[in-house]
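Here are the chains, one letter per residue:
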Amino acid sequence: MSFVYPTTTHAAGPPHLAADVSTTGRALFEGSCIMCHGDDGKGSMPGVPDITGAGGPLTQPDRMLIRRMLNGFQSPGSPMAMPPKGGNPGLTERDLATLVDYMRSTFKP
Ligand code: HEC
């Protein structure tokens, strides 16, 4: 496996995903997200919503999802917040973009 990350920013367009995004995405998800969101994205503890539904959060634009994952997010009335970067400060914006792709391709309603 080799990952060649462009040094330029990808703010102006969709991220250029590595061919092995599913492997990378899986590893990132297991490392930082699975404890709350569960293997299937339906939530593994009370307070964590099912994010897989048709018309659910994953249908939002990439940049909105990435901003919410980057900064943390709590919707009105929600019992629990999504921590910034899932509590893993080591994640880059590119990792988050990879995670968005992984979640969209893995979690089906
Ligand atoms: C400590 C538990 C926890 C961890 C770890 C966590 N999340 Fe979350 N996440 C939440 C909760 C709770 C919400 C719902 C927040 C709300 O709606 O108020 C959420 C919401 C989300 C959403 C939906 C945002 C929206 O617009 O509704 C996405 C996407 C998401 N998380 C992705 C991730 C990813 C990717 C990771 C790993 C980097 C991760 N989460 C790690 C608890 C967690």
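Please read these numbers as outputs of a predicted model, since none were measured by experiment.

1. Describing the pattern of salt bridges
For the structure on display, the rule yields 3 salt bridges. A salt bridge links R26 to D39; the nearest nitrogen and oxygen atoms lie 2.8 Å apart. Of the two residues, R26 sits in helix α1 (residues 21-32) while D39 sits in the loop between α2 (34-37) and α3 (62-71), which places them 13 residues apart along the sequence. By relative accessible area, D39 is classed as partly exposed at 48%. R104 is the salt-bridge partner of D62, the closest N and O atoms lying 2.8 Å from each other. Residue D62 is located in helix α3, and its partner R104 is located in helix α4 (residues 93-106); the two are separated by 42 residues in the primary sequence. What makes R104 partly exposed here is its relative accessible area of 30%. Each of R26, E30 and D39 takes part in one network of salt bridges that share partners.

2. Considering the packing of aromatic side chains
Per the counting criterion, the structure on display carries 3 aromatic pairs. Taken together, a centroid distance of 5.6 Å and an interplanar angle of 40° make the contact between F29 and Y102 tilted. With a gap of 73 residues between them, F29 in helix α1 and Y102 in helix α4 connect regions that are remote in the sequence. Between F29 and F107, the ring centres sit 5.4 Å apart and the planes meet at 70°, which makes this aromatic pair edge-to-face.

3. Focus on the coordination of the iron atom of the ligand
Binding of the iron atom of the ligand to the protein goes through H37 (NE2) and M82 (SD), at separations of 2.0 Å. Relative to the metal, the 6 donor atoms surrounding the iron atom of the ligand lie at angles of 87 to 178°, and the coordination shape comes out octahedral. With H37 in helix α2 and M82 in the loop between α3 and α4, this pair connects stretches of sequence that are 45 residues apart.

4. Topic: the nonpolar core
Judged by nonpolar contacts, the single largest core of 16 residues is most densely connected at F29, I66, M69, L96, L99, M103 and F107. The leading source of residues in this core is α4, at 6 residues.

5. Focus on unusual backbone geometry
A negative phi angle characterises most non-glycine residues, just as the trans form characterises most peptide bonds. Its identity is not glycine, yet K85 carries a phi of approximately 55°, on the positive side. Since its relative accessible area comes to 21%, K85 is described here as partly exposed.

6. Quick notes on α3
Buried within α3 we find L65, I66 and M69. Along the long axis of α3, the arc covered by the buried residues comes to 95°, so they all point the same way. Residues of α3 that are exposed and point more than 90 degrees away from the buried face comprise R63 and N71. On its buried face, α3 is in contact with α4. G72, located one to two residues past α3, shows a positive phi value of around 90°.

Thresholds applied
Residues numbered from 1 in each chain as written. Predicted model: local features only at pLDDT ≥ 70, side-chain atom pairs only at ≥ 80, totals over all residues. Heavy atoms only, no water. Salt bridge = Lys/Arg side-chain N within 4 Å of Asp/Glu carboxyl O. Helix = DSSP H or I, 4+ residues; strand = E, 2+ residues; numbered from the N terminus. Buried < 20%, exposed > 50% of the residue type's maximum accessible area, 1.4 Å probe, protein only. Phe/Tyr/Trp six-rings, centres within 6.5 Å; stacked < 30°, edge-to-face > 60°. Donors = N, O, S within 2.8 Å, 3.2 Å for Na, K, Ca; no water. Tetrahedral: all angles 85-135°; square planar, octahedral: opposite > 155°, others 65-115°. Core = buried A, V, L, I, M, F, W, Y, C linked by side-chain atoms within 4.5 Å. Arc of directions from axis to C-beta. Contact = heavy atoms within 4.5 Å.

Function-wise, these values are silent; they only describe arrangement.
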